Amino acid sequence: MTNRGFAGKRGLVSSLIVALSLGASPANAIVVADPVPDYTVPANWTDEALAAQTIFVCSSSGSLKYRLNDVKRGLGGIALVGNGASKSIKSQIKYIKSKALHGITPVIASDEEGGDVQRLRHAIHRLPSAATMGTWPDSKIRKTAFAYGKKMKALGVDIAFSPVADLSVPGYFISRARRSFGSKPDVVSRKVVAWADGLKDADILPVVKHWPGHGHSADTHAVPGKVPALAKLITKDLVPFNYSFEHGVTAAMVGHLLVPGLTEPNTPTSRSKAALELLRSQIGPDGLIITDSLSMGGATKGVKRNIAEAAIRSLEAGVDLALVCTGPRNLITKVTAAVTSGRLSRAFMIEKVERILAYKRSLGVID
């Protein structure tokens with residue numbers, strides 16, 4: 001760690017009070033303890049704590065305990081993977097949260113789209129696919145999301161990586177997996193906001209994905225997906241995202257996509273400065289931006305499959321949270337080194353962490 005601890009300048013100096021009685025020896029002096037530092041001020045944090053707070057890792061329900069060391073170092077959050085979670089996950093989540101560094105509790109997130117992408121199906125209940133729910137009235141979608149979200153919150157889960165705002169394009173990955181509400185931008189826009197509003201009603205943070213639109217892309221678990229040029233995305237694929245931002249959705253997951261007219265050569269949107277500047281302009285200065293998993297081949301192509309490098313470049317480019325499902329054990333150490341060296345601006349990292357903490361307060365995760 002650096003010498004810039006959580007306490008910072010406010011709590012580093014202890015006072016030595018000399019006994020008033022004449023002839024008292026130094027051994028009889030009174031040492032006044034440091035005041036309790038304000039851990040909610042990121043400017044007081046170590047480089048390691050700042051780095052850790054901008055990282056999300058993944059864990060199956062039975063493996064949360066293996067993330068304990070990262071949580072003690074200040075980990076920002078954990079995303080649930082797999083479909084094996086049972087109601088016992090509530091006690092696991094409560095335990096892992098109780099071990100947080102200085103009470104800066106990690107948030108727990110989960111993919112809860114419905115259909116095949118639903119991590120808590122056995123802990124709560126099964127949901128229909130987005131393709132099925134896209135045929136429902138908006139009011140029914142909102143009520144369904146609210147009821148499900150209340151049960152998520154009761155388990156200790158704070159964030160849903162849903163709704164999917166991608167368009168359904170026949171023959172492509174999202175459509176084949178039935179993960180989209182539909183093919184028409186205006187219809188998808190309404191359904192996305194209905195689902196997001198239901199989650200918000202239940203005090204769950206909805207995260208729209210996969211910006212700027214995965215509909216025309218192949219599966220990005222192997223390589224970055226190629227989608228139409230920005231000019232076309234603006235009139236179609238980006239419409240549901242912008243509509244959701246205009247209607248109160250404040251968090252987005254960015255995909256690993258190559259966009260002609262937007263992304264730099266061989267650079268997916270998840271680490272493209274130009275793309276993330278556009279997303280920031282759309283979601284606003286207080287919006288939260290998280291990557292899709294940087295363990296995916298679509299994220300690491302162009303950086304020699306180096307997951308830590310992909311995470312650092314994504315944070316450099318403008319994301320707030322780097323999601324890494326399977327990565328190096330020393331990920332926090334590597335990101336910390338980038339902060340300490342100045343590659344990742346400390347001021348820039350403080351800005352990200354302030355944004356993250358604001359969301360944690362709004363979710364009731366921290367005071």
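Structural notes, computed from the coordinates. The structure displayed is predicted, hence computed values, not measured ones. (Residues numbered from 1 in each chain as written. Predicted model: local features only at pLDDT ≥ 70, side-chain atom pairs only at ≥ 80, totals over all residues. Heavy atoms only, no water.)

**What about the sheet that holds strand β12 (residues 251–254)?**
- Read across the sheet, three strands follow the order β10-β12-β14 without closing on themselves; strand pairing throughout is parallel. The outermost strands of the open sheet, each flanked by one partner alone, are β10 (208–211) and β14 (288–291). Across this sheet, the average inter-strand angle for adjacent strands is 30°, counted without regard to direction. (Pairing = 2+ DSSP bridges. Helix = DSSP H or I, 4+ residues; strand = E, 2+ residues; numbered from the N terminus. Axes fitted to C-alpha atoms, helices over the stretch in contact; angles between N-to-C directions.)

**Points about the pairing of β14**
- Neither face of β14 is open: one carries Leu288 and Ile290, the other Ile289 and Thr291, and all of them are buried.
- As paired strands, β12 and β14 are joined by four bridges and run parallel to one another. Paired with Met253 across the bridge in β14 is Ile290. (Buried < 20%, exposed > 50% of the residue type's maximum accessible area, 1.4 Å probe, protein only.)

**Notes on the packing of aromatic side chains**
- Following the criterion strictly, the structure yields one aromatic pair and no others.
- Residues Phe56 and Phe161 carry aromatic rings whose centres are separated by 6.3 Å and whose planes lie at 45° to one another, so their mutual orientation is tilted. Here Phe56, found in strand β3 (residues 55–59), pairs with Phe161, found in the loop between β8 (159–160) and α6 (173–176); they are 105 residues apart in sequence, far enough to count as distant.
- What makes Phe56 buried here is its relative accessible area of 1%.
- The cationic tip of Lys140 hangs over the ring face of Trp136; the distance from NZ or CZ to the ring centre is 4.2 Å.
- A cation over an aromatic ring shows up here: Lys352 above the ring of Phe348, its NZ or CZ 3.8 Å from the ring centre. (Phe/Tyr/Trp six-rings, centres within 6.5 Å; stacked < 30°, edge-to-face > 60°. Lys NZ or Arg CZ within 6 Å of the ring centre and 35° of its normal.)

These figures come from the coordinates and say nothing about function on their own.
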